[in-house]
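So the chains spell out like this:
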Amino acid sequence: MSSRYDCADAQQKEAGLVAAVTAVQHGELVVLPTDTVYGIGADAFTPSAVAALLAAKGRGRNVPPPVLVGSVRAASALTESLGAFGQDLIDEFWPGPLTLVFRSSPTLAWDLGETRGTVAVRMPLHPVALDLLRRTGPMAVSSANKHGQPSATTAASAQEQLGESVSVYLDGGPCTDNVPSTIVDLTGSVPRVLRAGVIAADQLRKVVPLIDIDQADIVGQQPAGESAPQQPADTPETPES
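For every chain, the first residue of its written sequence is number 1, and the numbers climb from 1 along that sequence. Where totals are concerned, whole chains, interfaces and linings use all residues; where local detail is concerned, this predicted model gives features only for residues with pLDDT of at least 70, and gives and counts side-chain atom pairs only at 80 or more. Hydrogen atoms and water are omitted, and side-chain values are computed over all heavy atoms in the structure.

Enquirer: Tell me about the pattern of salt bridges, and please be specific about residues and values.
Expert: Salt bridges are counted wherever a side-chain nitrogen of Lys or Arg sits within 4 Å of a carboxyl oxygen of Asp or Glu. What the rule picks out here adds up to 6 salt bridges. In this structure, Arg122 engages Asp35 in a salt bridge whose closest nitrogen and oxygen atoms are separated by 2.8 Å. Pair noted here: Arg122 is in strand 6 (residues 118–122) and Asp35 is in the loop between strand 2 (30–32) and strand 3 (39–43), with a separation of 87 residues, a long-range link. One salt bridge connects Asp131 with Arg135, and the closest N-O pair in it is separated by 3.0 Å. Note that Asp131 and Arg135 are positioned in helix 5 (residues 127–136) at a spacing of 4 residues, about one turn of the helix. For every residue, the accessible area (1.4 Å probe, protein chains only) is compared with the maximum for its type, and the residue is labelled buried under 20%, exposed over 50%, or partly exposed between those bounds. For Arg135, a relative accessible area of 34% corresponds to the partly exposed category. Among the charged side chains, a salt-bridge network with shared partners connects Glu14, Asp131 and Arg135. Segments assigned H or I by DSSP are reported as helices when at least four residues long, segments assigned E as strands when at least two residues long, and all are numbered from the N terminus.

Following this line, the structure appears as structure tokens:
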């Protein structure tokens, strides 16, 4: 049976975090607040848990979930390299609403779906999310909604859509804005914006002057929190949390 914890109450918050960590360790799903919308998360290194996450959303393996981390060190361990621009973008915008797509480390024993050797990574600017991620390690996290439905901006909305498929709901209050994170692909020689989001192009250019935004999806063309448009064969579709 699902449990929901009010993180505005210190005791409930701690109890909820303990319950969420236990759930993740047992391969179960949790819902957590982020700085964009609510996310549904699972242990990134438990394939059955990632499969359950995709099933709960009604998504296929062709839309692998991003991975949220609680530290830059954790992000670095997931990638083959941060490349020429990754560290600068991380220093400027993390924690925050910027998702970065890297080549994933070939040594990782995980199965996020059809990633084509890449991983989309983000460090969210939300105290509850960061507290949980620092206790669990990297989590596969997608927006806490059914495919085709609006992104959840409250824990109650997430629970209405996902119900008993989730073991623990961490209620961090309503999200102030449901604009998704900006997604930047760093797998090529020139950084490329895959989806426009909270962080505008002019902000990115202050850090990376040469950046391709021509193919960027425009926020508002699909429900916030859903995937970016179909990408070339060397980059994944990246749903957002």
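Enquirer: Residues and numbers for the packing of aromatic side chains, please.
Expert: Only Phe, Tyr and Trp rings take part, Trp by its six-membered ring, and two of them pair if their centres are within 6.5 Å. Stacked means planes under 30 degrees apart, edge-to-face means over 60, and tilted covers everything else. Per the counting criterion, the structure on display carries 1 aromatic pair. Relative to Trp110, the ring of Phe45 lies with its centre 5.3 Å away and its plane at 20 degrees, an arrangement referred to as stacked. You can see Phe45 sitting in the loop between strand 3 and helix 2 (47–57) and its partner Trp110 sitting in the loop between strand 5 (98–103) and strand 6, a full 65 residues away along the chain. Under the relative-accessibility criterion, Trp110 is labelled buried at 17%.

Enquirer: Any details on the confidence of the model for the protein chain? Residues and values, ideally.
Expert: The pLDDT score gives, residue by residue, the confidence of the prediction method on a 0 to 100 scale. In the predicted model, the protein chain carries a mean pLDDT of 90, and 89% of its residues have values of at least 70. Residue contacts follow a heavy-atom distance rule, with two residues in contact if any of their heavy atoms lie within 4.5 Å. Considering only residues more than four positions removed or in separate chains, one finds that residues 219–241, a stretch of pLDDT under 50, has 91 contacts.

Enquirer: So, helix 2: which residues are in play, and what are the values?
Expert: Looking only at helix 2, the buried set comprises Ala49, Val50, Leu53, Leu54, Ala56 and Lys57. Angularly, the buried residues of helix 2 cover 160 degrees about the axis, an arc narrow enough to put them on a single face. Among the exposed residues of helix 2, those oriented more than 90 degrees off its buried face are Ser48 and Ala55. A positive phi of about 80 degrees marks Gly58, the residue just after helix 2. Arc definition: directions from the helix axis to the C-beta atoms.

Enquirer: Hey, could you go over the packing of helix 1 (residues 10–25) against helix 5 for me, with residue numbers and the actual values?
Expert: The convention used is that axes are lines fitted to C-alpha atoms, helices contributing only their stretch in contact, and that angles between N-to-C directions extend from 0 to 180 degrees. Viewed as axis vectors pointing N to C, helix 1 and helix 5 meet at an angle of 40 degrees, and their least axial separation amounts to 10 Å. Relative to helix 5, the element helix 1 lies oblique. As for the relative orientation of helix 1 and helix 5, their crossing is right-handed in sense. Within the contact between the two elements, helix 1 uses Lys13, Glu14, Leu17, Val18, Ala20, Val21 and Val24 and helix 5 uses Val128, Asp131, Leu132, Arg135 and Thr136. Small angles under 35 degrees read as roughly parallel and large ones over 145 as roughly antiparallel, with 65 to 115 read as roughly perpendicular and the rest as oblique. Throughout, a crossing is termed right-handed when the near helix is turned clockwise from the far one, and left-handed when it is turned anticlockwise from it by less than a right angle.

Enquirer: Report on unusual backbone geometry, specifying residues and quantitative values.
Expert: Cis geometry marks the peptide bond from Trp94 to Pro95; its omega dihedral reads -10 degrees. Backbone geometry places Arg116, a non-glycine residue, at a positive phi of 55 degrees. Following the sequence through the fold, Arg116 ends up in the loop between strand 5 and strand 6. Judged by its relative accessible area of 36%, Arg116 falls in the partly exposed class.

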